[in-house]
Amino acid sequence: MGQETLIDEIRTKLGAAVESVSESCGDRVVTIRPQALRPAMAALREAPFDFAILLDMTCVDFSEPAGRFELVYHLYSISRNVRLRLKASVAAADPAVETLVGLWKNADWLEREVFDMFGVRFDGHPYLRRLLTYEGFEGHPLRKSYPWRLAQPRIRLKDKD
Amino acid sequence: METRLQRQARPESMLINMGPSHPAMHGTLRIMLELDGEKILNAECEIGYLHRGFEKTCENKTYFNLLIYTDRLNYVSPLINNLGYAMTMEKLLGVSVPERAQLIRVLMSELSRVSDHLTCLAAMAMECGAFTVFLYMMKAREFVWDVIELTAGARMTTSYIRIGGVRADLPPDWRASLDTAIRETRQVLKDVSGLLDKNSIFLGRTRGVGSISKEDALSYGWTGPCLRSTGIAYDVRKAHPYLVYDRLSFDVPVGECGDNYDRYSVRMREMEQSLRLLEQVAALIPDAAPLGGGPGLEPAEAILRSRRQRAVGPVLLSPNLEGSEKGRLPDIMTSDKPVGVPPKEDTYTTMEGLISHFLFFMSGKGIRPPKGDVYFSVEGGNGEVGFYIVSDGTDRPYRLHLRAPCFHIVSALEQLIKGRLVADIIPTFGSMNMIGGELDR
């Protein structure tokens, strides 16, 4: 089963949700409209696609000069033995997208990490809280506007209030 | 801000922290527990205690230099991280790797896998009270690491697998060392099976504890031995064969119910398969041909001569270049430029060699892949180790993201320990093989 068949099936099933299809290093990349992200992902999780594993999710900062953040999802289907890369662009001014919590269980931590590192808001996430850094951390470290080696202010000891 | 656990806790229950400074939490995880006596009503994990900005650092390093940071991800099997990164870059650059280098890479991956599983099970067994198992397995790991040390020069921070190949050829006496490692590990696996497989204390703490269903394991994005313990035979080496894995014969062991015992047993059986693979690969690697050219010049003499005229003939090299002599490079490193470090013989004796050395290491030069993004993954000790790299055509990655297998595995911990006893945390957490370096990045 070739990649082309899969891409055709996805185009048929998702219709207008698919913004474009491109290729990079031999892998097909499907770009989804951010408004339709959750329903599109829900459709991909079910048969006939059967993408049962959300392999990975991350974000790339293209705020300079494109003014957008690109969310990158990798899905894997065991029955088809195929990986699929999906992208969705959100505006850098107020990055927000609907959450995938409820579709895959690891979306919880993955989205918290992206929120922590990029400040992308996931609407409907039940517990959107920093994951790798701490409460009170200033800024979002993986944004290009965040300088490498920027020192964070010291946190006050709790019993010194 | 209050955590979810604090907000939802019943007033009469006890809230307690387990970790991050707790011997069984491996130093980098905090579990907040809501307890009713010994029973866990609710749990919340907090990670990030070992977060050191791996991805941000990589964006500020050249493609060649950032390899050393990948050693520090899963620090029990650093060679597999090196491999994942190198192969992702090779996919991006479109280079192919010589056959001998591919075989050496398989050898190193499987040694690392054995060392990873040994460490995980040793720690898990020790935390359950089986200190003998810990000592036995650490002993076997030393023999495995002897081979790695002999080949790569370091035990953990190896940086041995490079973009385009490997740093150096195998040392002359590698076969004897590998044979010892395989023999000793086999013996230890037999001994440990005898100690644990029917041990009622161990069974009591692992059978039926920390069980996860197939559906949940998939939903949590589990891969590797933990996913296989639920009965799903997904292994990157079989599903998307890389290197020479499609030419080697090995089985993918699976479990039945996805509990701690299955995770233990899958890892034990996987080590047997890795030893099988090691033997097959060792048989496939031909002995290195002796370097031609007769006796060489002392480096000082060669430099002196090269001042007068272009130096001819081989140069005797210092021991730390052993295995990466110019004559060995075609077998172990791709010839595409500029992917590998230029041979040192040229760098030290010819002007052109020196220039190509500088062009490789100078800022803005060196490895500059085409624009694009790429994802590639290999089967690590914990599961699928994937790298996602976005290149903007410069010598530094625009974005580098690691798909850490234990990130997804540990995210299921809260669910697995809820409703169980405090003592059940220890084997459950132990069998997951949490590695702080790749979890927190």
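Note that the structure is a prediction, hence the values are computed from the model and not measured.

Participant: Give me the lowdown on the overall build of chain A, citing residues and values where you can.
Facilitator: Looking only at helices and strands, chain A has three helices and seven strands in total. For chain A, the succession of helices and strands along the chain, N to C, is α-β-β-α-β-β-β-β-α-β. With the C-alpha coordinates of chain A rotated into their principal frame, the extents come out at 65 × 35 × 25 Å. Counting over 161 residues, chain A shows a buried share of 39%. Relative to all contacts within chain A whose residues are 6 or more apart in sequence, the contacts with residues 24 or more apart total 45%.

Participant: Lay out the overall build of chain B with the relevant residues and their values.
Facilitator: Each helix and strand in chain B was counted, giving 20 helices and eight strands. Over its C-alpha atoms chain B spans a radius of gyration of 24 Å, differing by no more than 12% from the 22 Å that the globule rule assigns to 441 residues. Dimensions along the principal axes, computed over C-alpha positions, put chain B at roughly 85 × 50 × 35 Å. For chain B, buried positions account for 52% of its 441 residues. Taking contacts inside chain B between residues at least 6 apart in sequence as the whole, the part at least 24 apart equals 70%.

Participant: Break down the interface of chain B and chain A for me, citing the residues and quoting the values.
Facilitator: On the side of chain A, 28 residues touch chain B, which itself brings 34 residues to the contact. For the side of chain B that touches chain A, the elements supplying multiple residues, two or more each, are α2 (54–59), α4 (78–93), α9 (214–219), β6 (372–379), β7 (384–391), β8 (399–403) and α17 (405–410) of chain B. Here the residues of the side of chain B that touches chain A are counted per class, giving 13 nonpolar, eleven polar and ten charged.

Participant: Explain the environment of Leu-54 of chain A to me, and be specific about the residues and the numbers.
Facilitator: Relative to the elements of secondary structure, Leu-54 of chain A occurs in strand β3 (residues 53–62). Accessibility expressed as a C-beta count within 10 Å gives 25 for Leu-54 of chain A, which makes it buried. Put simply, Leu-54 of chain A and Trp-104 of chain A are 50 residues apart on the chain and 6.7 Å apart in space, counted from C-alpha to C-alpha. With residues near it in sequence (within four places) discarded, Leu-54 of chain A still touches Tyr-73, Leu-75, Trp-104, Asn-106 and Ala-107 of chain A together with Gly-221 of chain B.

Participant: Lay out the confidence of the model for chain A in plain terms, naming residues and giving numbers.
Facilitator: On average, chain A scores 86 in pLDDT, and the residues at 70 or more come to 97%. Highest mean pLDDT in chain A belongs to helix α3 (residues 107–118) of chain A (92); lowest belongs to helix α1 (residues 3–14) of chain A (79).

Participant: A description of the sheet that holds strand β3 (residues 39–46) of chain B should follow, citing residues and the corresponding values.
Facilitator: Across a sheet, paired strands are connected by hydrogen bonds in the backbone, their directions being either parallel or antiparallel. All names here are of chain B. The antiparallel open sheet is built from three strands, whose spatial order is β1-β2-β3. A strand with exactly one partner marks an edge of an open sheet, and here the two such strands are β1 (14–18) and β3. Shown here is a sheet whose adjacent strand axes are inclined to one another by a mean of 25 degrees, direction ignored. When β1 meets strand β2 (residues 30–36), the two strands line up antiparallel, connected through five bridges. Across the sheet, the residue bridging to Leu-15 is Glu-34, located in β2.

Participant: Residues and numbers for unusual backbone geometry, please.
Facilitator: In this model, Glu-64 of chain A is joined to Pro-65 of chain A through a cis peptide bond whose omega is -5 degrees. Counting through the fold element by element, Pro-65 of chain A comes out in the loop between β3 and β4 (68–77). Its identity as a non-glycine residue notwithstanding, Asn-81 of chain A has a phi of 50 degrees, on the positive side. With respect to the helices and strands, Asn-81 of chain A occurs in the loop between β4 and β5 (82–91). Phi angles above zero are rare outside glycine, and Leu-243 of chain B is one such case at about 50 degrees. Mapped onto the elements, Leu-243 of chain B comes out in the loop between α11 (236–239) and α12 (260–284).

Participant: Can you tell me about the nonpolar core, naming the residues and giving the values?
Facilitator: Leu-75 of chain A together with Ala-125, Val-133, Met-137, Cys-406 and Val-410 of chain B are the most contacted members of the largest nonpolar core, which totals 163 residues. Counting residues per element, this core draws most heavily on helix α5 (residues 99–127) of chain B, at 15 residues. For this core, the domains that each give at least three residues are domain 1 (54–286 + 369–440) and domain 2 (299–361) of chain B.

Participant: For the domain arrangement of chain B, give the residues involved together with the corresponding values.
Facilitator: All names here are of chain B. According to the domain assignment, chain B consists of domain 1 (54–286 + 369–440) and domain 2 (299–361). Summarising the inter-unit geometry, the C-alpha centres of domain 1 and domain 2 are found 34 Å apart. Elements with a minimum of two residues in the side of domain 1 that touches domain 2: α5 and β5 (165–166). The dominant element in the side of domain 1 that touches domain 2, judged by the number of residues it contributes, is α5, at three residues. Here the residues of the side of domain 1 that touches domain 2 are counted per class, giving ten nonpolar, three polar and four charged.

Participant: Would you mind going over the environment of Ala-404 of chain B in detail, with residue names and values included?
Facilitator: Residues and elements named next belong to chain B. In this structure, Ala-404 sits in the loop between β8 and α17. Remark: the alpha-carbon pair of Ala-404 and Asp-235, spanning 169 residues in sequence, is separated by 15 Å. In contact with Ala-404, not counting residues within four places along its chain, are Glu-438, Leu-439 and Arg-441.

Participant: Could you give an account of α3 of chain A, with specific residues and numbers?
Facilitator: Taking 1.5 Å per residue as the helical rise, α3 of chain A with its twelve residues ought to reach 16 Å, and the 16 Å between its terminal C-alpha atoms agrees with that figure. Counting buried positions over the twelve residues of α3 of chain A gives twelve, a clear majority of the element. Looking at α3 of chain A, one finds that the buried residues are Ala-107, Asp-108, Trp-109, Leu-110, Glu-111, Arg-112, Glu-113, Val-114, Phe-115, Asp-116, Met-117 and Phe-118 of chain A. Where the residues of α3 of chain A are buried, they touch β3, β4 and β7 (121–123) of chain A together with α17 of chain B.

Participant: Which residues make up the environment of Gln-6 of chain B, and what values do they have?
Facilitator: Structurally, Gln-6 of chain B can be placed in helix α1 (residues 4–8). Counting along the chain gives 38 residues from Gln-6 of chain B to Glu-44 of chain B, while the straight-line C-alpha distance between them is 9.6 Å.

Participant: Which residues make up the pairing of β2 of chain B, and what values do they have?
Facilitator: Residues and elements named next belong to chain B. Of the pairings in the sheet, the one linking β2 to β3 comprises seven bridges and is antiparallel in character. Residue pairing for β3: Met-32 is matched across the bridge by Glu-44. Remark: two residues form the turn of the hairpin made by β2 and β3, two consecutive strands paired antiparallel; Gly-37 in that turn has positive phi of roughly 65 degrees.

Participant: Which residues make up the sheet that holds β6 of chain B, and what values do they have?
Facilitator: All names here are of chain B. Strand order across the open sheet formed by three strands is β6-β7-β8, with antiparallel pairing between neighbours. With one partner strand each, in any of the chains shown, β6 and β8 form the two edges of the open sheet. Between one strand axis and the next, the sheet turns through 10 degrees on average, direction left out of account. Strands β6 and β7 of the sheet are contacted by α4, whose axis makes an angle of about 145 degrees with β6.

Participant: Now, about the packing of α5 of chain B against α12 of chain B: what can you tell me, with residues and values included?
Facilitator: Residues and elements named next belong to chain B. Their axes nearest at 9 Å, the elements α5 and α12 cross at an angle of 155 degrees. When the axes of α5 and α12 are compared, the pair comes out roughly antiparallel. For the element pair α5 and α12, the recorded crossing hand is left-handed. Taking contact as the criterion, the partners of Leu-103, Val-106, Leu-107, Glu-110, Leu-111, Arg-113, Val-114, His-117, Cys-120, Leu-121 and Met-124 in α5 are, on α12, Tyr-264, Arg-267, Glu-270, Met-271, Ser-274, Leu-275, Leu-277, Leu-278, Val-281, Ala-282 and Leu-284. Taken together, the residues of the contact of α5 with α12 break down into 16 nonpolar, two polar and four charged.

What counts and how
Residues numbered from 1 in each chain as written. Chains lettered and ligands numbered in written order. Predicted model: local features only at pLDDT ≥ 70, side-chain atom pairs only at ≥ 80, totals over all residues. Helix = DSSP H or I, 4+ residues; strand = E, 2+ residues; numbered from the N terminus. Buried ≥ 20, exposed ≤ 12 C-beta atoms within 10 Å, placed from the backbone. Contact = placed C-beta atoms within 7 Å. Rg over C-alpha atoms; globule rule 2.2 N^0.38 Å. Nonpolar A, V, L, I, M, F, W, Y, C, P; charged D, E, K, R; others polar. pLDDT = per-residue confidence, 0-100. Pairing = 2+ DSSP bridges. Axes fitted to C-alpha atoms, helices over the stretch in contact; angles between N-to-C directions. Core = buried A, V, L, I, M, F, W, Y, C linked by C-beta atoms within 7 Å. Domains from an automatic or database assignment. Expected span 1.5 Å × (residues − 1). Parallel < 35°, antiparallel > 145°, perpendicular 65-115°, else oblique. Left-handed = near helix turned anticlockwise from the far one by under 90°.

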